[in-house]
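Summary of the model geometry
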Amino acid sequence: MDITPSRSQHRLDPYVDRYAARTAGMTASEIRALFAVASRPEVVSLAGGMPNISGLPLDVVGHAISDLVAHHGPVAMQYGSGQGVPELREQITEVMRLEGIEAHPDDVVVTVGSQQAVDLVTRVFCDPGDVVICEAPSYVGALGVFKAYQCDVVHAEMDADGLVPEALRQAIAATRAAGKKIKFLYTIPNFHNPAGVTLSAARRPEILEICRREDILILEDNPYGLLGFDGEPLRALRADEAEGVIYLGSFSKTFAPGFRVGWALAPHTVREKLVLAQESSTLCPPQFSQMAVSAYLSAHDWQGQIKQFREMYRERRDAMVEALHDLMPAACRWNVPDGGFYVWLTLPPGVDAKAMLPRAVTARVAYVPGTAFFADGFGSSAMRLSFCYPTPERIREGVRRLAGVIEAELELRATFDSYAPAREVGPRGYDGPSSDLS
Ligand SMILES: Cc1ncc(COP(=O)(O)O)c(C=O)c1O
């Protein structure tokens, strides 16, 4: 009998030598690794960005869906067009009109969430080694896509008014000086995930002008644009530039993420490529989900629903900001977002958000360390706190626990520092937007 262990018994993953090179960039995000612990009921999770859909009128949705099955079942349960259901694409143009966009339904491609739209755009534009310019920090799910397609990410700094035009100019110049090709600027102009900031109205024309002059395509990712707490939605970048911008939208935050319906609005020629990419990826986006979203939009006061969501999220934002103000150690800094789901908190010097996380989870509170939102390892002195899901009371309790963990960390540092020799202070590395965002 041969007792030599087989190849598969030696290795944790017997296929490790066979995977494509691009899988090296496919690693579980820090958020995903956290989900298991953060979802335990005793933990207050300020980590996930799950929309709070408890206020949705389930009777209306249920009615629309049973009606869909009863009256349009054979179509709803059939394959559909790779570009998406025409009626929904028409409705999507109405949604985008709220941000000043005039578009034709023919230029809309429905996708499986806007996450798939990021994937398709990257697939269509990027070869390995191409550069995508991203804000610092940027959305972890998009960074994952760029990594999976072996793109290089170059970060450009933000401040309280969003992406800094001069930082964008510098990122473009430095990338080109290094002989690299920039494929697009990926930007989240409204209620940024994770930074919570919004690109000011005054800056928008300047960002557009830089990209026009430098011939750089903009990928405008805007899932939170209608979730502002005060005033009217800002004009989208796409509203003032049709040829140089691909705009991404989503029903995940304004309706429900479970349907997985998002979209891309693209210049005509790009749109054709996206449809081909969509067809090779999924044949067509789910017909049933699209028709359900379309029925909801037709049957329900969806704008009134968004207003209710805004009020709920504003109450939670207020609870978080008030708790931070009352409870956080003085050296912490944070911004007050005007919409969306997230606050970006910068820790006192020397406190590392990633190293502190296990102690926070032991104290039954979770957050996402800032490093998740950088392609280059920066962000260790910051964290993203989401206020979208827990109740105001739980938010306050979560902040109380977190403040306790940070206090303990500071005490520990003070004890060790009093024994340690004076440290040399090197040049300050770029570490994301930090306190400039507050
Ligand atoms: C900035 C940003 N883009 C895209 C997405 C993906 O959204 P979905 O695929 O649900 O439309 C998210 C989700 O959190 C997001 O925050």
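Preceding this section is the structure that the text describes.
What counts, and where the lines are drawn
- Residues numbered from 1 in each chain as written.
- Predicted model: local features only at pLDDT ≥ 70, side-chain atom pairs only at ≥ 80, totals over all residues.
- Heavy atoms only, no water.
- Pairing = 2+ DSSP bridges.
- Helix = DSSP H or I, 4+ residues; strand = E, 2+ residues; numbered from the N terminus.
- Core = buried A, V, L, I, M, F, W, Y, C linked by side-chain atoms within 4.5 Å.
- Buried < 20%, exposed > 50% of the residue type's maximum accessible area, 1.4 Å probe, protein only.
- Contact = heavy atoms within 4.5 Å.
- Phe/Tyr/Trp six-rings, centres within 6.5 Å; stacked < 30°, edge-to-face > 60°.
- Axes fitted to C-alpha atoms, helices over the stretch in contact; angles between N-to-C directions.
- Parallel < 35°, antiparallel > 145°, perpendicular 65-115°, else oblique.
- Left-handed = near helix turned anticlockwise from the far one by under 90°.
- Nonpolar A, V, L, I, M, F, W, Y, C, P; charged D, E, K, R; others polar.
- Salt bridge = Lys/Arg side-chain N within 4 Å of Asp/Glu carboxyl O.
- Expected span 1.5 Å × (residues − 1).
- Right-handed = clockwise from strand over helix to strand, strands pointing away.

Before going further, it helps to spend a moment on the sheet that holds strand S14 (residues 382-386). The strand order across the open sheet built from 4 strands is S10-S11-S14-S13, with neighbouring strands paired in antiparallel fashion. Of all the strands in the sheet, just strand S10 (333-334) and strand S13 (368-369) have a single pairing partner and so form its edges. Bridge count for S13 against S14 is 2 bridges, and the pairing is antiparallel. Bridge pairing in S14 places Pro369 opposite Met383.

Turning our eyes to something else, we now look at the nonpolar core. As a rule of thumb, nonpolar side chains are buried together in soluble globular proteins. Counting residues in hydrophobic clusters, the biggest one holds 70 residues, and the most contacted among them are Phe251, Met328 and Leu385. The leading source of residues in this core is helix H11 (residues 302-327), at 9 residues. Not counting chain neighbours up to four residues away, the residues in contact with Met328 comprise Ala323, Trp334, Leu345, Val399, Leu402, Ala403 and Ile406. In this structure, Cys151, Ile246, Leu248 and Val270 belong to the second largest nonpolar core, which totals 27 residues.

Another aspect to go through is the packing of aromatic side chains. The full count for this structure, using the stated rule, is 13 aromatic pairs. Members of the aromatic cluster, each reached through a chain of ring pairs, are Tyr224, Phe309, Tyr313, Phe341 and Tyr342.

This paragraph deals with the packing of helix H4 (residues 86-97) against helix H10 (residues 287-299). As a packed pair, H4 and H10 sit with axes 9 Å apart at the nearest point and diverge in direction by 50 degrees. In terms of orientation, H4 lies oblique with respect to H10. At the point where H4 passes H10, the crossing takes the left-handed sense. Residue-level contacts link Glu87, Leu88 and Gln91 of H4 to Gln290, Val293, Ser294, Leu297 and Ser298 of H10. Residues belonging to the contact of H4 with H10 are distributed by class as follows: 3 nonpolar, 4 polar and 1 charged.

Turning next to the packing of helix H3 (residues 58-76) against H10. With their axes 9 Å apart at the nearest point, H3 and H10 run at an angle of 130 degrees to one another. The angle between the axes of H3 and H10 places the two elements in the oblique class. Crossing angle aside, the handedness with which H3 passes H10 is right-handed. Side by side, H3 and H10 meet where Val61, Ala64, Ile65, Leu68, Val69, His72, Val75 and Ala76 of the first sit next to Gln287, Phe288, Met291, Ala292, Ala295 and Tyr296 of the second. When its residues are assigned to classes, the contact of H3 with H10 shows 12 nonpolar, 2 polar and no charged.

Pairing is mixed across the open sheet formed by 8 strands, whose spatial order is S2-S9-S8-S7-S6-S3-S4-S5. Lying at the two open borders of the sheet, with one neighbouring strand each, are strand S2 (108-112) and strand S5 (162-163). Running at roughly 30 degrees to S2, helix H9 (residues 268-282) makes contact with S2, strand S8 (245-250) and strand S9 (261-265) of the sheet.

Quick look at the pattern of salt bridges now. A complete count under the given rule lists 21 salt bridges for this structure. A salt bridge links Glu102 to Arg97, with the nearest nitrogen and oxygen atoms 3.5 Å apart. Residue classification places Glu102 among the exposed positions, given a relative accessible area of 56%. Relative accessible area serves as the criterion here: at 41%, Arg97 is assigned to the partly exposed category. When the shortest N-O distance is used, the salt bridge between Arg359 and Glu409 registers 2.7 Å. Residue Arg359 is found in helix H12 (residues 353-362), and its partner Glu409 is found in helix H13 (residues 392-419); the two are separated by 50 residues along the sequence. Each of Glu209, Arg212, Arg213 and Glu241 takes part in salt bridges that share partners, so that together they form one network.

Here the focus is H4. Residues three or four positions apart in an α-helix share a direction because the helix packs 3.6 residues into each turn. Helix length check: H4, at 12 residues, gives a terminal C-alpha distance of 17 Å against a target of 16 Å (1.5 Å per residue), a fit within 8%. Listed in full, the buried residues belonging to H4 are Leu88, Arg89, Gln91, Ile92, Thr93, Val95 and Met96. The inward-facing, buried residues of H4 abut S2, S8, S9, H10 and H11.

Sheet topology note: the strand S3 (residues 131-136)/strand S4 (residues 152-159) ladder contains 6 bridges and is parallel. Within S4, the residue paired with Glu135 across the bridge is Ala156. For the segment spanning S3, helix H6 (residues 140-148) and S4, crossover handedness is right-handed. Note: S4 against S5, 2 bridges, orientation antiparallel.

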